[in-house]
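Tertiary structure, described
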Amino acid sequence: MITRTLHALLHTLVDYAGLFPPAGLSMDDAVARYATYHASDHAWMLGRFVVPVARLDELVGSLQGIETSPGNPWHLTALVGNDVAADVAAVQAFNQAKHHAIVDMLEAKASTQEEVFAISRVVPLPFKTYVEVPIDDDPGDIVAALGAEKLRAKVRPGGLVPGAIPSTANVARFIRTCYAGNVAFKATAGLHHPLRSEHALTYAAGAPRAVMHGFLNVFLTAAFHYNGLTQRDTADLLDATSLDEVTFDDGQIAWRDYIVMRNEIATVRRRFATAFGSCSFTEPVDDLKEMGLLP
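Residues numbered from 1 in each chain as written. Predicted model: local features only at pLDDT ≥ 70, side-chain atom pairs only at ≥ 80, totals over all residues. Heavy atoms only, no water.

**Looking at the pattern of salt bridges**
- Within this structure, the stated rule accounts for twelve salt bridges.
- The shortest N-O distance in the salt bridge between Glu-107 and Lys-186 comes to 2.7 Å. Of this pair, Glu-107 sits in strand β4 (residues 101-109) while Lys-186 sits in strand β7 (residues 185-188), and the two are 79 residues apart along the sequence. Each member of the pair, Glu-107 as well as Lys-186, carries the same accessibility label: buried.
- As a salt-bridge pair, Lys-154 and Glu-132 come within 3.9 Å of each other at their nearest N and O atoms. Residue Lys-154 is found in strand β6 (residues 152-155), and its partner Glu-132 is found in strand β5 (residues 128-132); the two are separated by 22 residues along the sequence. Just as Lys-154 is buried, Glu-132 falls in that class too. (Salt bridge = Lys/Arg side-chain N within 4 Å of Asp/Glu carboxyl O. Helix = DSSP H or I, 4+ residues; strand = E, 2+ residues; numbered from the N terminus. Buried < 20%, exposed > 50% of the residue type's maximum accessible area, 1.4 Å probe, protein only.)

**Here we look at helix α5 (residues 113-122)**
- Taken together, the buried positions of α5 are occupied by Val-116, Ile-119 and Ser-120. Seen from one end, α5 has its buried residues packed into an arc of 100°, which puts them on one side. Along α5, the residues that are exposed and aim more than 90 degrees away from the buried face are Glu-114 and Arg-121.
- For α5, the secondary structure elements touched by its buried residues are α4 (84-97), β4, β5 and α6 (140-148). (Arc of directions from axis to C-beta. Contact = heavy atoms within 4.5 Å.)

**A look at the sheet that holds β5**
- Strand order in the closed barrel formed by eight strands is β1-β2-β3-β4-β5-β6-β7-β13, with parallel pairing between adjacent strands. Taken pair by pair, the neighbouring strands of this sheet meet at an average axis angle of 30°, ignoring direction.
- Across three bridges, β5 lies against β6 in parallel orientation. Among the inter-strand pairings, Glu-132 is bridged to a residue of β6, identified as Lys-154.
- Across the sheet, α4 touches β3 (74-79) and β4, and the angle it forms with β4 is around 170°. (Pairing = 2+ DSSP bridges. Axes fitted to C-alpha atoms, helices over the stretch in contact; angles between N-to-C directions.)

**A word on the side chain of Thr-221**
- Here Thr-221 is to be found in helix α8 (residues 215-224).
- One polar contact links the side chain of Thr-221 to the main-chain carbonyl oxygen of Asn-217, over a distance of 2.6 Å.
- If near-sequence neighbours (up to four positions away) are discounted, Thr-221 is found in contact with Ile-175, Leu-216, Leu-229, Thr-234, Leu-237 and Leu-238. (Polar contact = N/O pair within 3.5 Å; in protein donor to acceptor, adjacent residues only side chain to side chain.)

Taken by themselves, the reported measurements are silent on function.
In structure tokens:
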């Protein structure tokens, strides 16, 4: 039986991005798999379906014949392109057409404060909007702009080549910057596995291998910030390759001298570290089963 604290940490954690590399599925296949996951025993871990705005019309076609519960549409996060205003209009038209799916979250990119302000001017307030920011350099100014505009941050902790994986120090700085600025974040790419470990970066034969960040590392690190996690311990937890020092029970999760209570974990997931996008849902689930964390 899964503990209540781990359930709170993992609830709706995985946004399904099967359309994107390294999976790169067709729309029909990605929609069919998401429908299967939605009906599975682990559906409580499943978040939104991730789709580019440019492919919303294609999604409509693939939804034909997929059974959805009346009054309970699929929730989508849509990736906007360079013309944010046009894509926002397309999303609004999609929602008004009522296709048994609704876009209630947007994702964009910005590398400067000015780009953040430009996005903010055209994105309606009802949408939760995440803006992917570069983290090779200090993202403090951009994160501050996101906070001022009531937008959220998005980080890319991995990729298809070893050079796309940011250092632990840069991921730690991003999390601490978001926490200090009261800016919620999500992650995308490179978090298929629970703990920091070496894996192939694509599904191709002979694919390059590298040490990847783990999603438990990232989201436990975020949770323990509510208990005063230090900069040094942030790096240590992100680099942890086992859960030997972590204890889960129904009331709290503990690591070293830090404790986070179940109600605090729910707050963290709602207000701070909200989700990660993954082109695989089965890999996170299967790894957690292998670790004995899921039945």
